[in-house]
Amino acid sequence: MWGSNAREAHPIWFHHLLKGIQNGAKLYVVDPRRTSSAAWADVWLGLNVGADVALANTMAREIIHAGLVHQSFIERGTSGFEAYKASVEPYTLEFGSAISGIPVDVIRDAAHAYASADRAMICWTLGITEHHNAVDNVLALINLSLLTGHVGRYGSGCNPLRGQNNVQGGGDMGALPNKLPGFQDVDTVAHRVKFEHAWGRDIDPLPGLHLSEMIDAMDKKTLTALYVIGENPAQSDADATHIGHLLEHLDHLVVQEIFLTKTAQLAHVVLPAAATWAEGEGTVTNSERRVQRVRKAVELPGDARDEIWIMAELAKRLGYDWGHPSAEDVWNEVRALSPQLSGMTYARLEELDGIQWPCPDTSHPGTKFLHARLWEDDPSRRGRLAPFSVVHHAGPVEQPDDEYPLILSTGRRLESYNTGVQSGGYLSPLHRGESLDVSPEDARRLGIAQGDIVRVTSRRGTIDAPAHIDRGLRAGVVFMTLHFPDEVATNLLTINATDPKSGTAEFKACAVRVEPVRTAPSYSPARAETFAAAGDD
């Protein structure tokens, strides 16, 4: 598990992982924090924030020099190995250890264990993708799987644990700026022609804008109207002060939501929508590509309307009468245009309790795992070979300095979700509000005790929050969540440095300083020392 605290971010999935551990699987956790997931690990690799590519390349070089590469698979199913091999040569164990902060023998052990295993997976989450070099991070992990042949076989592979429910389904439906439904490239003529024929409209061959590009376009006034569905950018995006300013100055903002979020409060028009998981019909795709049915259980409250109904009514007001298609009607159109979903009728989804794509026809059982063709004698006959990618270490955009000596990383807690819109209203014994989590070493140095109010300042803003002493943190790293923005607006601190390839912002690293503001009610120097030394459990 690399950059993933699944115990708190994906708790249901983590229970399945625990069954594997109980059956003898070895777990390595790569994370700057010693998280509750790491508590179950055989080995915790506590790397420096932003050192993921350096660590992956170092492991790769060690695997190559130890003769543990899967040579026959590399020759059969991959391309670009020699260039990749040359690129990782500078990443000696000593060099990688110096960058990552992980001891040489621990890196060596992890590399050998992964390469020698009969079956091995790399699972990652936002700890890999919320960086300014997010795509390079992912490619570095894919390189390791190709190097060892841990891909295209049952029980092996690369598994991104999606950051939100049905992210995979959104991609399936074409909610990407360069894709049509079924992950068909918009710049491929044959794909466009098929959809143009079905829809009776020309399709722009150029990709649209991803989120970060939309923000830039709003800044430049080339994007002046925004339609937001189920998103709360006013509180969820980095550098919240700047984002709020952009949203406030749009000519027209429409928000389609189940709650009156901070973003919705800025809107010119709010369209109250269904909470589709219980109030509508449709499908959802999970992280293993399993498409499952969603069924309406309760009636919509108040003035809320079904999402498809809203879209159809908007189309009518724009001069196009779609009628009022059912969710199944829409799904059948998707199936007709997307080969990998063609065999998934509602009846089959009900009968089989979900099907994993690709499923090209109604006799196909679905596909348990991907990329098996790479093990065929001539895998290029049915698609391109899997390419190795040359990527190199690039640390966080903001590095600690005398003025901002700490690195702030953000993430999630077990009982809360994103900006707290859905989870914040529930009473939970686990709710403790927002805090600045700080290591015992830094707490001692700063004279901070549990519960003291501290001031956290970055180059973009300042917030106050209670301190929480966390023994899972190493000196130099502090941690916050985005769950309680009405109390503590963490995103006033974060940096809007984005990955040029994916557009994701670097939520996992920005430079801050921390100063005590006032002590907890029962503060004493002795108590501060006790908390700083012991931390909490």
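Residues numbered from 1 in each chain as written. Predicted model: local features only at pLDDT ≥ 70, side-chain atom pairs only at ≥ 80, totals over all residues. Heavy atoms only, no water.

Visitor: Would you mind showing me how to read the domain arrangement of the protein here?
Guide: Frequently, the measure chosen for interface size is the accessible area that the parts lose on association. Here the protein is partitioned into domain 1 (6–161), domain 2 (167–356) and domain 3 (406–521). Once you take the C-alpha centre of each, domain 1 and domain 3 turn out to be 27 Å apart. Listed per partner, the contact involves 21 residues of domain 1 and 21 residues of domain 3. Carbon and sulfur atoms make up 54% of the area that domain 1 and domain 3 hide from each other, which totals about 1800 Å². The largest share of the area that domain 1 buries against domain 3 comes from R33, E130 and H132, three residues that together contribute 33% of it. (Domains from an automatic or database assignment. Contact = heavy atoms within 4.5 Å. Buried area = accessible area lost by both parts, 1.4 Å probe.)

Visitor: What's the story with the pattern of salt bridges in this structure? I'm lost.
Guide: Two side chains carrying opposite charge are able to pair once their charged atoms lie near each other. Applying the stated criterion across every chain yields a total of 24 salt bridges. For K262, the salt bridge is made with D486, and the minimal N-O distance between the two is 3.9 Å. You can see K262 sitting in helix 15 (residues 262–265) and its partner D486 sitting in the loop between strand 19 (477–481) and strand 20 (510–518), a full 224 residues away along the chain. Residue K262 is classed as partly exposed on the basis of its relative accessible area of 35%. Residue D486 is classed as exposed on the basis of its relative accessible area of 60%. (Salt bridge = Lys/Arg side-chain N within 4 Å of Asp/Glu carboxyl O. Helix = DSSP H or I, 4+ residues; strand = E, 2+ residues; numbered from the N terminus. Buried < 20%, exposed > 50% of the residue type's maximum accessible area, 1.4 Å probe, protein only.)

Visitor: I keep staring at unusual backbone geometry and nothing clicks. Help me out?
Guide: Of all residues except glycine, most have a negative phi; of all peptide bonds, most are trans. Look at the link from W357 to P358: it is a cis peptide, with omega at 0 degrees. The topology assignment puts P358 in the loop between strand 13 (355–356) and strand 14 (386–387).

Visitor: Sorry, what's going on with the pairing of strand 20 here?
Guide: The side chains of a regular strand alternate, residue by residue, between the two faces of the sheet. The sheet contact formed by strand 15 (residues 406–411) and strand 20 spans three bridges and is antiparallel. Residue I407 lies in a different strand from strand 20, and its bridge partner there is A511. Of the strand pairs in this sheet, strand 17 (residues 453–457) and strand 20 are connected by five bridges, and their pairing is antiparallel. Bridge pairing in strand 20 places I453 opposite R518. (Pairing = 2+ DSSP bridges.)

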